[in-house]
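# Structure assessment
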Amino acid sequence: QVQLVESGGGLVQAGGSLTLSCAASGRIFRISNMNWYRQAPGKERELVATITSGGSTNYGGSVKGRFTVSRENAKNTMYLQMTSLEPEDTAVYLCHGIIQAVGGRWRDYWGQGTQVTVSA
């Protein structure tokens, strides 16, 4: 069984910073792309950032220049450093990974999400 667990969410004032973590655990053989998504109430899920196994990154337009995605392959962990936070960044942040379990096929896995609330 493979699991993704996010941590690091919370309440922060506008202009502040937070760092989210996503740890993958279980019988993992290898991990391909990992992504951060977010979903605000009443809005569609939005892709925030992508990082490949080789470390290449891509960002959604609204966070470019403010957020930085990184990963530690040896720890099967991905991070999202968020700076200059705005109230519009308030959402549940979800971790997603394309993972091959030992003896298994490539599959999509999702974390349970962590709430980020930015006050004005």
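Just above, that's the structure.
One structure accompanies this document, and this report is about it. (Residues numbered from 1 in each chain as written. Predicted model: local features only at pLDDT ≥ 70, side-chain atom pairs only at ≥ 80, totals over all residues. Heavy atoms only, no water.)

Overall, the coordinates contain 1 aromatic pair when judged by the stated rule. With a centroid separation of 5.0 Å and 50° between ring planes, the pair formed by Tyr37 and Trp110 is classed as tilted. Of this pair, Tyr37 sits in strand S4 (residues 28-39) while Trp110 sits in strand S10 (residues 106-110), placing them 73 residues apart in sequence. For the cation-ring pair, Arg45 lies above Trp110, with the distance from its terminal atom to the ring centre recorded as 4.7 Å. (Phe/Tyr/Trp six-rings, centres within 6.5 Å; stacked < 30°, edge-to-face > 60°. Helix = DSSP H or I, 4+ residues; strand = E, 2+ residues; numbered from the N terminus. Lys NZ or Arg CZ within 6 Å of the ring centre and 35° of its normal.)

Right, let's talk about the pattern of salt bridges for a bit. The tally for this structure, following the rule as stated, stands at 5 salt bridges. Across the salt bridge formed by Glu46 and Arg38, the nearest N and O atoms sit 2.8 Å from each other. In this structure, Asp89 engages Arg38 in a salt bridge whose closest nitrogen and oxygen atoms are separated by 2.9 Å. Taken together, the positions of Asp89 in the loop between strand S8 (77-82) and strand S9 (91-101) and Arg38 in strand S4 put the pair 51 residues apart, joining distant regions of the chain. You can call Asp89 buried: its relative accessible area is 1%. On the accessibility criterion, Arg38 (6% relative accessible area) is buried. One continuous salt-bridge network, built from bridges that share partners, spans Arg38, Glu46, Arg66, Glu86 and Asp89. (Salt bridge = Lys/Arg side-chain N within 4 Å of Asp/Glu carboxyl O. Buried < 20%, exposed > 50% of the residue type's maximum accessible area, 1.4 Å probe, protein only.)

Here the side chain of Arg38 touches Asp89 through a polar contact of 2.9 Å, side chain to side chain. Separated by 2.9 Å, the side chains of Arg38 and Tyr93 make a polar contact. Residues contacting Arg38, with those up to four places away along its chain left out, are Glu44, Arg45, Glu46, Val48, Ser62, Val63, Phe67, Glu88, Asp89, Ala91, Val92 and Tyr93. (Polar contact = N/O pair within 3.5 Å; in protein donor to acceptor, adjacent residues only side chain to side chain. Contact = heavy atoms within 4.5 Å.)

Time to look at the nonpolar core. Formed by 31 residues in total, the largest nonpolar core has its most connected members in Trp36, Leu80, Met82 and Tyr93. When residues in this core are grouped by element, the largest group, 5 residues, is from S9. (Core = buried A, V, L, I, M, F, W, Y, C linked by side-chain atoms within 4.5 Å.)

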